[in-house]
Amino acid sequence: MKFLRRLFIKNYQNVQDETVRSAHGILAAWLGLLINVILVGMKLSLAILLASQSSWIFPMALLADCIDSAGDMASNIVTLVGFRAASKPADADHPYGHERMEYIAGILVATLVLVAGGELIVNSIKGIVAGDAAFYTWPTVIVLVVAIGLKILQGLMNLSLAKTISSPALKATAIDSFTDTAATFAVVLSAILSITLNWTFLDGYFGIGVACFIIYSGIRMIQETANPLIGLAFSAKDVEDITSLAMQRPGILGVHDVLFHRYGPTKVFITLHVEVSADQKLPIIHETIDSLEREINAKYHAETTIHMDPVESDQESKEVREKIMMVLKRFYENPSMHDLHIYHDDKGTRIEFDVLLPYSLGTKKEEILKALSQAFPHKQLDVIFDHSYVE
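Residues numbered from 1 in each chain as written. Predicted model: local features only at pLDDT ≥ 70, side-chain atom pairs only at ≥ 80, totals over all residues. Heavy atoms only, no water.

1. Some remarks on the environment of Y136
Consideration 1: Assignment of secondary structure puts Y136 in the loop between α4 (101–130) and α5 (138–165).
Consideration 2: Using a relative accessible area of 7% as the deciding quantity, one classes Y136 as buried.
Consideration 3: Sequence separation between Y136 and L49 is 87 residues; the distance between their C-alpha atoms is 9.9 Å.
Consideration 4: Not counting residues up to four positions away in its chain, the partners in contact with Y136 are L50, P59, A61, L62, V187, S190, A191, S194, I195 and D203. (Helix = DSSP H or I, 4+ residues; strand = E, 2+ residues; numbered from the N terminus. Buried < 20%, exposed > 50% of the residue type's maximum accessible area, 1.4 Å probe, protein only. Contact = heavy atoms within 4.5 Å.)

2. Re the pattern of salt bridges
Consideration 1: Tallied over the entire structure, the rule returns five salt bridges.
Consideration 2: The residue K237 makes a salt bridge to D241 at a minimum N-O spacing of 3.0 Å. Of this pair, K237 and D241 both sit in helix α8 (residues 236–247), four residues apart, roughly one helical turn.
Consideration 3: Salt-bridge contacts for E367 lead to K364; the nearest nitrogen and oxygen are separated by 3.6 Å.
Consideration 4: If you follow the salt bridges from partner to partner, you end up with R350, E352 and D382 in one network. (Salt bridge = Lys/Arg side-chain N within 4 Å of Asp/Glu carboxyl O.)

3. Considerations on unusual backbone geometry
Consideration 1: In the Ramachandran plot, D257 falls in the positive-phi region, its phi being about 55° despite a non-glycine side chain.
Consideration 2: Considering the arrangement of structural elements, one finds D257 in strand β1 (residues 252–262).
Consideration 3: Although it is not a glycine, H301 sits at a positive phi angle of roughly 50°.
Consideration 4: For H301, a relative accessible area of 44% translates into the label partly exposed.

4. A few points about the sheet that holds strand β6 (residues 380–386)
Consideration 1: Within the open sheet, the three strands sit side by side as β4-β5-β6. Their pairing is mixed. In this open sheet, the two strands that pair with only one neighbour each are β4 (336–345) and β6. Taken over all neighbouring pairs, the strand axes of this sheet differ in orientation by 10° on average, direction set aside.
Consideration 2: In terms of strand pairing, β4 meets strand β5 (residues 348–356) through eight bridges, oriented antiparallel. The residue bridging I342 from the neighbouring strand is I351, located in β5.
Consideration 3: Taken strand by strand, helix α10 (residues 315–328) contacts β4 and β5, and its axis lies near 130° from that of β4.
Consideration 4: Contacts from helix α11 (residues 365–375) reach β5 and β6, with the element oriented near 145° to β6. (Pairing = 2+ DSSP bridges. Axes fitted to C-alpha atoms, helices over the stretch in contact; angles between N-to-C directions.)

Spatial relationships are all this shows, so hold off on functional conclusions.
Structure, rendered in structure tokens:
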């Protein structure tokens, strides 16, 4: 695969570049299309040959496997179109680019696979009810073993490219290829039983088994390609790295609300909040934040926006923060709070802050608020509960 990448893709190592990434997807689609055309030709020829020798009763397991390969061929075409569409530059109507078209292409592929699986189950059941018998030959077994080898090769190629460019669509295609290998093996087993034991009645049942493999593959593909559209949690390590970068800068006291917004595999926007001393001069801290934004942009190939939160470091703020943390520790380990502000006026004291609450404690908000109110009697509390966006 490295040889093919070097041969067909200019600057093949720069996978963060949109054009290079798209070229990898297009290469995978063309390679898959070539292999699937060969597989469809082999399997369809065998199915027609065997049917012509047995009153034109088609072996359903083999036909199911052939239709599965034809679906894969259609999938390659959809993938090819999807990567080409994803490589289109941003425009006035789509200022974030078109990279999510890759995910949409993956969902279309999965839909085709599911439809094919459903049709094959219906046809296999009809064959069982009609009592159709399928007859295989040893040359058929040999050809199908070769088909298994080609499918494994295709799966390994797609998996290699999927890891190279971190593509859910290609990973889904690789999973589909390996699942197809198991399906073709079922056809081989059906053929061997038919030849050696004359169990020709099993073909329809094996056809149903192959169709179930196809449907399982379609469901897995939908999960792999739909999740990025819905929105996945991002890496805790990335958040830790960004936090570490920020905390190394002079004047930055804390980091929170680190968010990744993805509009495709290479279209990433990062936002975060940094806490700075309220006593610092704005021009100095602004220069520090601008420098940090440039460093994060270069490392993650992203557009970064940093919000500055001025915090007080007086004794009252320290005591209030410590008391809040003591209350939160009664409910969960390693609590996190930020954006603490204390206001004094004629109406009394008002304390504002945010609490990072685990998903598992979503039902405990009222109980936590009650405990916090008891810790700060005669004071108004404005508490905002956040949740983590990290995996």
